[in-house]
Amino acid sequence: MLRDITLGQYYKAESPIHRLDPRTKLAATFAYLISLFLFKNPFVYMIAGGVLVCVIIASRVPVRYMLKGMKSVIFILLFTMLMSLFFTKGTVIWSFWKLRITKEGLSQSAYTGLRITMLILGSNILTLTTTPTRLTNALERVMSPLKIFRVPAHEIAMMMSIALRFIPILLEETDRIMKAQLARGADFESGNLFKKVKSLIPVLIPLFVAAFRRANDLAMAMEARCYHGGKGRTQMKPLKYARRDAAAYCLLIMYMALMIVTGLTLKSTPKTEALPAVSTNMISVSSDTLR
Amino acid sequence: MAESGFRGLIADHLVYEYNKESSQRLRALDDVSFTIRQGEFVGLIGHTGSGKSTLVQMLNALMKPDSGTVYYDGRDVFEKDYDRKALRGKVGEVFQYPEHQLFADTVFEEVCFGPRNMGMDRKQTELSAYAAIKKVGLPDECFDQSPFDLSGGQRRRVAIASVLAMKPELLILDEPTAGLDPLGRLELLDMITELNRDSAMSVLLVSHSMEDVAAYASRILVLDKGRLIYDDTPAEVFAHYEELQKLGLAAPEMTYVMNGLKAAGMDVDTSALTPDEAEESILRALRLC
Ligand SMILES: Nc1ncnc2c1ncn2[C@@H]1O[C@H](COP(=O)(O)OP(=O)(O)OP(=O)(O)O)[C@@H](O)[C@H]1O
Ligand SMILES: [Mg+2]
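Residues numbered from 1 in each chain as written. Chains lettered and ligands numbered in written order. Predicted model: local features only at pLDDT ≥ 70, side-chain atom pairs only at ≥ 80, totals over all residues. Heavy atoms only, no water.

### Some remarks on the packing of aromatic side chains
So, point 1. The full count for this structure, using the stated rule, is 10 aromatic pairs over all chains.
So, point 2. Where A:Tyr32 meets A:Tyr255, the ring centres are 5.9 Å apart and the plane angle is 25°; that geometry is what we call stacked. Of this pair, A:Tyr32 sits in helix 2 (residues 22-38) while A:Tyr255 is found in helix 11 (residues 243-265), placing the two residues 223 residues apart along the sequence.
So, point 3. Taking relative accessible area as the criterion, A:Tyr255 reaches 8% and is therefore assigned buried.
So, point 4. When the centroid spacing of 5.5 Å and the interplanar angle of 40° are considered together, the rings of B:Tyr130 and B:Phe143 count as tilted. Here B:Tyr130, found in helix 4 (residues 122-135), pairs with B:Phe143, found in the loop between helix 4 and helix 5 (152-164); they are 13 residues apart in sequence, far enough to count as distant.
So, point 5. Residue class for B:Tyr130 comes out partly exposed when judged on its relative accessible area of 42%.
So, point 6. Put simply, the rings of B:Phe108, B:Tyr130 and B:Phe143 pair up and form one aromatic cluster.
So, point 7. The ring of A:Tyr241 has A:Arg23 lying over it, and the distance from NZ or CZ to the ring centre is 4.1 Å. (Phe/Tyr/Trp six-rings, centres within 6.5 Å; stacked < 30°, edge-to-face > 60°. Helix = DSSP H or I, 4+ residues; strand = E, 2+ residues; numbered from the N terminus. Buried < 20%, exposed > 50% of the residue type's maximum accessible area, 1.4 Å probe, protein only. Lys NZ or Arg CZ within 6 Å of the ring centre and 35° of its normal.)

Below, the structure is given as structure tokens:
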């Protein structure tokens, strides 16, 4: 039932991508996302797409699993594509009633679709090949220079990893409690809204009790092991860059250079005035989808 | 039921897999079939992770098997128009660690939850709640207390009472004695036996303790890695005590004692499972020589 919701959807496999240091993957994902917004030109997109396909193959995550992550955003994707298809001004090639499709709209819509798809697949690779623990570890390391500005990097990372750890546990707990109440004849489906909300009380109360109990136990266990925050704390498996990370960074730099050179030299569309407004609009949409 | 004379439950070739979508599929149940007749007391044992809890959740339609089905009183419980809510009243299930499901303000309210959901009227609900609380041996002072103020063992009793109050025909208990003190454990098992004997309620007792199932059940099911490997009387099942041991399960202490005595040349009955039976058999053997 509820367990089907995957969060932090790590896919276990043996692959070069899985073995990379999470910081490398974080940097690469970040760079890739930026590279998608640098230029709007078919060659650039061909390179980005090709690289994405290579990485997906190298990661050994089944394509079916990759695409599952797309399902939840398909609506936003289609909506954005339709918006740019119908509302971009330019030379009309087809019209019906108030709807007009322009040549520019067609290419704009294709770009938007490609961009969002690659954006999501790109960030999916990161979460599919990195365990949440390693990811928060990497975030902690990346944020640690901010400590001079009194940003509690360690505490933020700790809170994130505890929260990530607790989500599946609480989902499981919810599932168990719901079943236990169903076994006592509870009914979560029939009745009007008010009745439905009321029928959740026998689930929510034990769930909160369980959450507090767990939080308490965890705090006690951490204290019993002398946890005292980030100062002077060492890690059992500290993040260490290996040779393959150096190689990955080299590839990344080459990729970025290739993108920039291609983007600057092979200009296919001379018309660029309409672009800025649309692409900022797209950035806001896509950052929404990432959340 | 009218369409078939059989009263009780039939599990028919149940198969279930966890994590179907991911790389780590796990077959929790593999072709499990058995029957529980009205009035029987059946024990279900198996190593941790052998699929016991998964199995019992299918018997009252809380989980749907991937293939196979469950019949209750001759009707398929996964049929589209089958009344599964009513089924859960008839096949009452007490979950593992049921004390974590409590939510009401008072113990009495908590126990009324089940029968009220089953559509009993107020008087019936309160009568059966009262009877159930008395049955599980909670003192009168408890009625108006918050279930959260009780001890762990008392909470367990409240949870069991809340299922008993629905007046089930078949009571399924998933490790009801885990974490109880020895006396509380005996009291609970005796209470269940009494219900089984006096009100002809069938019982399916899931347990890790061989002593418990040996002493109380008239038939034992043994699960190993999702497969049902034995379905027989306790004496027959524990005759395989060496195989059981390989599966990480032990036979009751007495089985070892009696087999040891037999190996040492004493003519005792190795199927004795409780200390009383063992004593009788040893005395008889002593008198003979
Ligand atoms: N919600 C779930 N998701 C995935 N796997 C599960 C889930 N619940 C149980 N399992 C797995 O299925 C197998 C059977 O579990 P089950 O809870 O039925 O065992 P059990 O016999 O009741 O064990 P125990 O004696 O510890 O209660 C185990 O290997 C377990 O890891
Ligand atoms: Mg279990």
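Still to come is the rest of the account.
### Things to note about a negative patch on the surface
So, point 1. On the surface, B:Asp269, B:Asp276, B:Glu277 and B:Glu279 cluster together into a patch of negative charge.
So, point 2. Structurally, B:Asp276 is set in helix 11 (residues 275-288). (Patch = residues over 30% accessible without salt bridge, like charges linked within 9 Å, V, L, I, M, F, W, Y side chains within 5 Å. Areas by Shrake-Rupley, 256 points an atom, 1.4 Å probe, with all protein chains shown as cover. Salt bridge = Lys/Arg side-chain N within 4 Å of Asp/Glu carboxyl O. Lys, Arg positive; Asp, Glu negative; His and termini not counted. Charge placed at Lys NZ, Arg CZ, Asp CG, Glu CD.)

### Considerations on the domain arrangement of chain A
All names here are of chain A.
So, point 1. Here the domain parsing of chain A yields domain 1 (1-130 + 240-270) and domain 2 (131-239).
So, point 2. For domain 1 versus domain 2, the separation of C-alpha centres amounts to 31 Å.
So, point 3. Between domain 1 and domain 2, the contact holds 19 residues from the first and 17 residues from the second.
So, point 4. Where domain 1 abuts domain 2, roughly 1500 Å² becomes buried across the two surfaces, and 74% of that area is made up of carbon and sulfur atoms.
So, point 5. Remark: the boundary between domain 1 and domain 2 carries 0 salt bridges.
So, point 6. Our enumeration of links across domain 1 and domain 2 arrives at 3 residue pairs in polar contact (both at pLDDT 80 or more).
So, point 7. Class assignment of the residues belonging to the side of domain 1 that touches domain 2 gives a composition of 10 nonpolar, 4 polar and 5 charged. (Domains from an automatic or database assignment. Contact = heavy atoms within 4.5 Å. Buried area = accessible area lost by both parts, 1.4 Å probe. Polar contact = N/O pair within 3.5 Å; in protein donor to acceptor, adjacent residues only side chain to side chain. Nonpolar A, V, L, I, M, F, W, Y, C, P; charged D, E, K, R; others polar.)

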